[in-house]
Amino acid sequence: MKTFGIILTIFLYGFVGYSQSIPYGDSQDSLFVYSGVKYDIFYYKPLNYDSVTGPILIGIHGQGGNGNVPRNDLRDIADRRKALIVSPTMHTDWEYGIEYIPDSINNCFWWLPKVFNQIYNHVLFRENRGSIPAYLIGFSAGGQFVTRYMLIRQGI
């Protein structure tokens with residue numbers, strides 16, 4: 001029985017060490033955040049992306065959109081800057097500019113940075129990197145969201 005446990009441990013750690021890198025071009029992924037809400041994440045990795053120094057460009061869509069919109073709008077910038085676009089579909093109450101997560105706390109000062117931290121760590125894992133410079137950009141209501149997020153983040 002002890003041998004089975006050792007083999008199982010080696011097997012499981014083997015999968016953790018070999019994450020699949022985000023493919024070049026368009027792709028899509030999903031991630032469950034700490035509260036159990038599923039985020040669809042849209043990626044665009046240009047062919048000239050540098051896997052050692054290339055930054056992340058996180059695009060936030062406007063009201064009624066999804067992660068596909070900023071991904072398409074930011075392609076030219078990503079190609080010029082050799083940046084990986086990461087564009088999650090937000091679950092947002094745009095009237096108040098806060099992220100909607102159905103939990104009992106529902107306090108954006110605590111959970112909003114946790115959501116972005118999980119998305120960032122997910123990308124780090126997929127790209128097998130220790131850190132990646134990240135830039136946040138938003139369109140329309142997404143721009144207001146980015147401003148509020150940066151203010152909240154500074155407060156924390």
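In this text, all values refer to a predicted model and were calculated from it rather than measured experimentally. (Residues numbered from 1 in each chain as written. Predicted model: local features only at pLDDT ≥ 70, side-chain atom pairs only at ≥ 80, totals over all residues. Heavy atoms only, no water.)

### Description of the sheet that holds strand β7 (residues 134-138)
Point 1. Taken in spatial order, the five strands make up an open sheet running β1-β2-β4-β3-β7, and their pairing is mixed. Each of the sheet's edge strands pairs with one partner strand only, and the pair in question is β1 (25-32) and β7. Strand-to-strand twist in this sheet, taken as the mean axis angle between neighbours without regard to direction, amounts to 25 degrees.
Point 2. Inspection of the sheet shows β1 paired to strand β2 (residues 38-45) by eight bridges, in the antiparallel sense. In the sheet register, Gly25 faces β2, and the bridge partner there is Lys45. (Pairing = 2+ DSSP bridges. Helix = DSSP H or I, 4+ residues; strand = E, 2+ residues; numbered from the N terminus. Axes fitted to C-alpha atoms, helices over the stretch in contact; angles between N-to-C directions.)

### Digging into the side chain of His61
Point 1. With respect to the helices, strands and loops of the structure, His61 is situated in the loop between β3 (56-60) and α2 (68-73).
Point 2. A distance of 3.4 Å separates the side chain of His61 from the backbone oxygen of Gly65, its partner in a polar contact.
Point 3. Within the structure, the side chain of His61 is placed 2.9 Å from the backbone nitrogen of Met90, a separation counted as a polar contact. (Polar contact = N/O pair within 3.5 Å; in protein donor to acceptor, adjacent residues only side chain to side chain.)

### Regarding the environment of Thr53
Point 1. Within the secondary structure, Thr53 is located in the loop between β2 and β3.
Point 2. Residue class for Thr53 comes out exposed when judged on its relative accessible area of 52%.
Point 3. For Thr53 and Arg129, which are 76 residues apart along the polypeptide, the C-alpha to C-alpha distance reads 9.7 Å.
Point 4. There is a polar contact of 2.7 Å between the side chain of Thr53 and the side chain of Asp50. (Buried < 20%, exposed > 50% of the residue type's maximum accessible area, 1.4 Å probe, protein only.)

Keep in mind these values describe shape, not function.
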